[in-house]
Amino acid sequence: MRQIKDHTKWMFAEALFEIIKIKDLSNIRITELCEYCRTDRQTFYYHFKDKYDLVAWIYQCDLNDSLEKYNYVFCKEETLFLLCRIKEKQFFYQKAFENTNQNSLFAYIQNTNSKITETVFKKQFHTDELTEQQLFTIKYNSYAWVGCLSEWVSLKCTPPPEVYADFLYHNSYLMQEKL
């Protein structure tokens, strides 16, 4: 859900959505985003560290919307909501996943997914620490989740979000049984 306080951030996001249609993410410059928004670089850097931070913020907004809609409860419907958001911005996400540097969307989602999953399981198991095996299982499954998500986006979102949400949720449920 877009908030007034994020108006400038969304202005840069909209600029990125347009410019990425004609240029790869790695070739987009902050100056171009600022020119598109008719603002200066200082404004951009007030809100973001770099263009990869902007890409991560866009994903985080989509994720937050799905989490808020389902009261931070992990469920198939929450996954479906997120997949539908990603499908709406499919071209953007395809281009963002093409970038594989250290600030990549893949790395950001994997890290975010791992942290959220760790928090959920610490709460579920009533503990402050997870075992090394549990942390490995979370990380392993997180890489699988984001890898499958990246592949799904890159292959033009086949199968449809409803089916893919079921796949992702089912496999995440299997991970919970292993922990």
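Structural data are supplied above this passage.
Residues numbered from 1 in each chain as written. Predicted model: local features only at pLDDT ≥ 70, side-chain atom pairs only at ≥ 80, totals over all residues. Heavy atoms only, no water.

Student: Can you break down unusual backbone geometry residue by residue, with the values?
Tutor: Unlike most non-glycine residues, Arg38 shows phi in positive territory, near 55 degrees. Turning to its location among the elements, Arg38 is positioned in the loop between helix 2 (30-37) and helix 3 (41-47). Residue His126 is not a glycine yet carries a positive backbone phi of 55 degrees. Following the sequence through the fold, His126 ends up in the loop between helix 7 (105-125) and helix 8 (132-154). We classify His126 as exposed; its relative accessible area is 74%. (Helix = DSSP H or I, 4+ residues; strand = E, 2+ residues; numbered from the N terminus. Buried < 20%, exposed > 50% of the residue type's maximum accessible area, 1.4 Å probe, protein only.)

Student: Account for the layout of surface pockets, with residues named and values stated.
Tutor: Size it by volume and the largest pocket reaches roughly 780 Å³. Contributing to the lining of the largest pocket are 31 residues, with Phe74, Asn113, Ile116, Thr117 and Ser172 lying nearest its centre. When residues of the lining of the largest pocket are traced back to their parent elements, those giving at least two are helix 4 (51-69), helix 5 (76-88), helix 7, helix 8 and helix 9 (161-178). The element contributing the most residues to the lining of the largest pocket is helix 7, with 9 residues. Among the residues forming the lining of the largest pocket, the class breakdown is 19 nonpolar, 10 polar and 2 charged. (1 Å grid on protein atoms, 1.4 Å probe; cavity = no way out; pocket = protein on both sides within 12 Å on 5 of 7 lines; lining within 4 Å. Points joined across faces, edges and corners; volume = space filled by probe spheres on them. Nonpolar A, V, L, I, M, F, W, Y, C, P; charged D, E, K, R; others polar.)

Student: Any chance you could break down the nonpolar core for me, citing the residues and the numbers?
Tutor: Of all hydrophobic cores here, the largest spans 43 residues; its most connected members are Leu16, Leu33, Leu54, Ile58, Tyr59, Phe92 and Leu149. Considering each element in turn, this core owes the most residues, 9 residues, to helix 4. Residues in contact with Ile58, not counting those within four places in the same chain, are Ala13, Leu16, Phe17, Lys89, Phe92 and Tyr93. (Core = buried A, V, L, I, M, F, W, Y, C linked by side-chain atoms within 4.5 Å. Contact = heavy atoms within 4.5 Å.)

Student: Go over the environment of Leu82 with me, naming the residues and quoting the values.
Tutor: Here Leu82 shows up in helix 5. Taking C-alpha positions, Leu82 is 9.0 Å from Asn64, a pair spaced 18 residues apart along the chain. In contact with Leu82, not counting residues within four places along its chain, are Tyr59, Asp62, Leu63, Ser66 and Trp145.

Student: How would you explain helix 2 if you had to name every residue and give the values?
Tutor: The complete set of buried residues in helix 2 reads Ile30, Leu33, Cys34 and Cys37. Down the axis of helix 2, the buried set is contained in an arc of 95 degrees. They therefore lie on one face. Against the buried residues of helix 2 lie helix 1 (7-19), helix 3 and helix 4. Of the residues trailing helix 2, Arg38 is marked for its positive phi of about 55 degrees. (Arc of directions from axis to C-beta.)

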